[in-house]
Amino acid sequence: MALARLDDLTFSYPDSAARTLGDVTLRIEPGERVVVLGCSGSGKSTLLRTLAGLVPHFHGGRFAGRVEIDGRDTRRERPADLAGTVACVFQDPEDQIVMTRVEAEVAFGLENVGTPPDAIAGLVRRSLASVGAEHLVERRTYELSGGELQRVCLAAALALAPRLLLLDEPTSQLDPGAATAFFELLGELPCAVVCAEQRPARALEWAERVLFLDGGRLELDAPVDEALDWLRVHRPAFLPRVPAAPNEPASGAAVCRLDSVGYEGRVGETSLAVGRGEIVALVGPNGSGKTTLAKLAAGLLEPTSGRVELHGRAAYLSQDPGRYLVRERVEDEVALGSGGDLSRARAALASVGLDGHEHRHPRDLSSGERERLGLACVLVTEPDLLILDEPTRGVDPERKDRLAELLRTERDGRGTLVLTHDLIFAGEVADRLVSLDEVREPALA
Amino acid sequence: MSPAPAAALLAALGAAALLADRSAPPAAIALVLLVVCLRARTPRRWVYLAGALLMSGSVFVLSPFLQSAGSHVLWGGPIVPVLGSLDVTREELAMAAMQASRLAALSLAFTAYALLLDHDRLVQAAGFARRSTLAVALATRLLPTLERDAVGMLEALRGRGVALSGVRGRATLVSPLLAGSLERGLNLAEAMEARGYGRPGATRLPRARRTALDAAALAAAVVVLVVGVLWL
């Protein structure tokens, strides 16, 4: 019997005329490894929420069709009753942390599903060990990095020994090494896993089956080999790619020069220059200090050693798109950086594909759209140095290609520093790929 | 000390401060709690302490003008419509000192709870009131979360070349911060539901065994409460 059955599922969120999912029919068998691909806003997250029973119970809206998990109709069962059979890890780990200590966080779900008290501590340790996070057990959750939080969330889900594990962009905050290790771990799990991804290369290597959603409709449901053929014809941007070699080096004068810069032990003795007209991609593992270095370059932090030279104005795009939701309308939000000039704000919105969204409330945008709003907010300032911290998080491959093209088209006249874990994007956009280890002085690297 | 006896002791101190009808006992309790709060090794303690001081200071300064009591006039002010006479009397000052010290003791008890107690262990120790304890623990995290969000938003604005200055400029962040915390609350509620929260038959991690210090703290809480009821 199928573990999950969706029959003619159609769903719209409250106050939305558009269908988020339309006529979706599929089966998921026990132990299957399924990757869900699709553009931002195509309904991937909603599909996962439907499988967890959160749609329609938690979100409301118009729901038609039938969804059964392990033979149980999700309209009759509460999501809490499905917990244990189903476990989820959502996109933003910070928004799903309930407790302040890692041990209590992983134990939270086990307690709720009635695990015998004497077994809880052992299960917590075992699930943390399975994701390589046993050392975090006594740590405070608010002290952890995004990558560490993601592991803790996965451990909390695995501790329940679910039959169906739902993952929404689980590697979006992980460096390439950690992302590879993550998919290796998923490959060893006995349960069925449904994983929505925007970086398809590793997911396609791991998966047995591919679903492709477009505008809420299931356009493809096929084994990986067939899916690769289909993607080649219909959506080539989603095909696995080899990181391209960096482009030709640019020769403009330095817009920003970091000379043996250090900051409170988080960044040690690092030197880096970004020339005008040049795009530099800075890569490095989670917690290596890339963000701190970017803030030093942008003038948002003062170095504790070394010197930062900045010729002109810098603009910095933070990793967290929630920080660009200050005003009531999208165009007003962007116009904050253009001194209130709405025509410049609209042009910046159009350049990131958000034309037509000018009058919406920023909080009504999807997570991928919020990322692009943040980008428009910094592009509109027309900086001499543009610093983008993980600009492709939550952005689909087609949109990434357009972003790379936009950055390359507009690169003249400014220096661009891109911090990213996405080596494919880095290869496509950058003139120079710099590893943080290369630019640190050897004794401290 | 385990968090449950510590929370009981803090609650008893807060209750005793409220029960007192003179200003010396709540002031003494506030002083003890201030020393305890200063032990917290987080820079955030200054935010809590400043808040406690500001609130109790405001009560001490404003309340004599807002009440009419006593006959020993120390300062005769004008008569203001709605508020009446703005005279300050010795009795009003004494009452203001008592209210201010009560408020200081209460807010410092909360500060000690927020900064020094392990809320997870408190939730696990809560038997019949687990839901309420978890709700209080989550609400306690609101202030540090708002503070972190505010810092992040200001930094993002600086990264866009926008500088907010003065109280008025920063006040524009209040609405987006509250909207952000509502959104975060919804996301958290969804994650909790998906993890089985509210399902009947929940268990909990075994509690750590009570120590002699825990027993002493519980006994002290009872004593403080009794003293508050009978003598303060």
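Use the structure listed above.
Description of the structure in this document. (Residues numbered from 1 in each chain as written. Chains lettered and ligands numbered in written order. Predicted model: local features only at pLDDT ≥ 70, side-chain atom pairs only at ≥ 80, totals over all residues.)

## Some thoughts on the pairing of strand 12 (residues 267–275) of chain A
All names here are of chain A.
Argument step 1. Examined bridge by bridge, strand 11 (residues 254–263) and strand 12 share six bridges and lie antiparallel to one another. Considered in strand 12, the bridge of Arg257 is made with Ala273.
Argument step 2. Between strand 11 and strand 12, which follow one another and run antiparallel, lie three residues, and Glu264 among them has a positive phi close to 40°. (Pairing = 2+ DSSP bridges. Helix = DSSP H or I, 4+ residues; strand = E, 2+ residues; numbered from the N terminus.)

## Structural notes on the packing of helix 1 (residues 3–19) of chain B against helix 2 (residues 24–37) of chain B
Residue and element names in this part refer to chain B.
Argument step 1. It is the contact of helix 1 with helix 2, at a shortest axis distance of 8 Å, that shows an interaxial angle of 155°. In this view, helix 1 runs roughly antiparallel relative to helix 2, as classed from their interaxial angle. Helix-helix and strand crossings are classified by hand; for helix 1 and helix 2 the assignment is left-handed. Of helix 2, the residues touching helix 1 (which contributes Leu13, Ala16 and Ala17) are Pro25, Pro26, Ile29 and Leu33.
Argument step 2. When its residues are assigned to classes, the contact of helix 1 with helix 2 shows seven nonpolar, no polar and no charged. (Axes fitted to C-alpha atoms, helices over the stretch in contact; angles between N-to-C directions. Parallel < 35°, antiparallel > 145°, perpendicular 65-115°, else oblique. Left-handed = near helix turned anticlockwise from the far one by under 90°. Contact = placed C-beta atoms within 7 Å. Nonpolar A, V, L, I, M, F, W, Y, C, P; charged D, E, K, R; others polar.)

## Regarding the pairing of strand 1 (residues 4–12) of chain A
Residues and elements named next belong to chain A.
Argument step 1. When strand 1 meets strand 2 (residues 21–28), the two strands line up antiparallel, connected through five bridges. Across the sheet, residue Leu6 finds its bridge partner in strand 2, namely Leu26.
Argument step 2. Here strand 1 pairs with strand 4 (residues 62–69) via seven bridges, running antiparallel. Pairing of Ala4 across the sheet is with Ile69, part of strand 4.

## As for the interface of chain B and chain A
Argument step 1. Taken residue by residue, the interface counts 36 residues in chain B and 48 residues in chain A.
Argument step 2. Taken together, the elements giving at least two residues each to the side of chain B that touches chain A come down to helix 5 (119–125), helix 7 (142–159) and helix 9 (174–194) of chain B.
Argument step 3. Here the element with the most residues in the side of chain B that touches chain A is helix 9 of chain B; it accounts for twelve residues.
Argument step 4. Residues belonging to the side of chain B that touches chain A are distributed by class as follows: 14 nonpolar, eleven polar and eleven charged.

Don't take any of this as a statement about function, it's just geometry.
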